Amino acid sequence: MKAARFYDRGDIRIEDIPEPVVEPGTVGIEVAWCGICGTDLHEFMEGPIFIPPCGHPHPISKESAPVTMGHEFSGVVYAVGEGVSDIEVGQHVVVEPYIVADDVPTGPGDKYHLSKNMNFIGLGGRGGGLSEKIAVKRRWVHPISKDIPLDQAALIEPLSVGHHAFTRSGAKAGDVALVGGAGPIGLLLSAILKAKGLSVIVTELSSARKQKASESGVADHILDPSEVDVVEEVMKITDGRGVDVAFECSSVNKVLDTLVAATTSAGVVVIVSIWSHPATVNVHSVVMKELDVRGTIAYCNDHQETIRLVEEGKIDLEPFITQRIQLDDLVSKGFDTLIHNNESAVKIIVQPRIS
C-alpha cells in the first residue's frame, strides 16, 4: 500500500509498504481522509521532534524513523481482530491517535494524555493516517454516525483539541471568550465555544482567516490588532468588564500579553498553542487580577463529546476544509502550501486511496 514516510527533516517519501497486520485486539481501518496538522509541518521543517530519530526507537512503540505520518484521520473498518466484539466491518470510525503504555488506564478521570513517554500514532510509530490502511488498538477507535461525511470526520481529532481546551478552562454557557489566533485550532476551538453557549471574540491579523471566522459563524466579534486596540474594543464589548476566559492559539507573545490585559479579574487564560521558544508574561497583572494561567495538551476522553456535538449538528466542519488533495501531492500541494502560503488554507485534507 502507499504511505507517506518521514525519514528526516525535509525528507518525506511516498512509498509502497506492506499492509498492516490486524492482530488480536486491533481494528483494521481503510483510511478515507487525513488532515495535515501543524505538528506535521514542524516535523518536516524542524524535526524530528515527536518522531523518534533513526536508530533511537520510541520506548513504547519500539519504532524510529522512517515512520508513517498522519494522526488526524477517518476511515471505514475492513477487519476486526480476535477479541474485538463491539466494532463491525463497514463501520465509519475516527481514531484518538495515542501511543501510551498498555498498563495506563484510559477511563473517565484518567490523565492518560500525560502518561510517561506518551506519543501519537502517525508520529511515534504504529502506522499513520497518511497511508491506505492502518491497524489500531480497539481502545483508540471511536465509531461515528454515517451521517458525518468522512472528509469532515477527519477534523474531529483537531476539534477534540479545542474541546479539551474548553474543558480545561472551566468556562460555561453565557461566558465571553477571547480567542487569540484564528488558525485551524483557534477556529475549531471557537466552534466548540459557540456550541457550548459562549460569546466569542476572535483576534486575528490575516484577512483570509478573519473571513473564515466570519463565514463559518464561530465568532461574534472579529478584531484585527493592526486596525484597533484589541483591549479597548474588548472592554467596549463587555461593558468594561473584560472576558471571562481567553485562549492563546498563536504562540505569539504580543497575543498572550493582550489576552492577559483583556481578561477580567479572577478570569482564566489558557495556553493552547505549542511554543518552540520561551515566553514572557505580565506577572503583575496575573497577580493583581488573580488570573489563572493554564496549559492544555491534546485531549483526554474528549472524543465522545466532540463526536456528539458534530452528530447533533451543533458544529458544521465543512467550512474549515479549504483543500482536498491526493497522497502523491502531499508535499507539493499540502506541505508547501501550508508553509509558504498558509493564509490560503485552513485545513488541507489528504485522500490516501483513490476511490
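Here, every reference points to the structure presented above.
As the structure is a prediction and not an experimental result, all values here were calculated from the model. (Residues numbered from 1 in each chain as written. Predicted model: local features only at pLDDT ≥ 70, side-chain atom pairs only at ≥ 80, totals over all residues. Heavy atoms only, no water.)

## Some thoughts on the overall build of the chain
Phase 1: Along the backbone of the chain there are 10 helices and 18 strands.
Phase 2: The C-alpha atoms of the chain give a radius of gyration of 20 Å, which matches the 20 Å a tight globule of 355 residues would have.
Phase 3: The 355 residues of the chain split such that 53% are buried.
Phase 4: Summarising the internal contacts of the chain: among those between residues at least 6 apart in sequence, 70% fall at separations of at least 24. (Helix = DSSP H or I, 4+ residues; strand = E, 2+ residues; numbered from the N terminus. Rg over C-alpha atoms; globule rule 2.2 N^0.38 Å. Buried < 20%, exposed > 50% of the residue type's maximum accessible area, 1.4 Å probe, protein only. Contact = heavy atoms within 4.5 Å.)

## Topic: the pairing of strand β16 (residues 292–295)
Phase 1: Summarising the sheet, strand β15 (residues 263–271) and β16 pair through four bridges and their orientation is parallel. Following the sheet pairing, valine 268 is matched in β16 by aspartate 292.
Phase 2: Running through helix α8 (residues 283–288), the crossover from β15 to the neighbouring parallel element β16 is right-handed. (Pairing = 2+ DSSP bridges. Right-handed = clockwise from strand over helix to strand, strands pointing away.)

## Remarks on the sheet that holds strand β11 (residues 176–180)
Phase 1: Ordered in space as β13-β12-β11-β14-β15-β16, the six strands form an open sheet in which the pairing is parallel. Whereas interior strands pair on both sides, the edge strands pair on one side only; in this sheet they are β13 (221–223) and β16. The average angle at which neighbouring strand axes cross in this sheet is 20°, direction not considered.
Phase 2: Here strand β14 (residues 243–248) runs beside β15; their pairing, made up of five bridges, is parallel. Looking across to β15, one finds that alanine 246 is bridged to valine 269.
Phase 3: Against the sheet, helix α4 (residues 184–195) engages β11, β12 (199–203) and β14, with an angle of about 170° to β11.
Phase 4: This element, helix α7 (residues 253–262), spans β11, β14 and β15 of the sheet and lies at about 150° to β15. (Axes fitted to C-alpha atoms, helices over the stretch in contact; angles between N-to-C directions.)

From the geometry alone we can't say anything about function, so treat these as descriptive.
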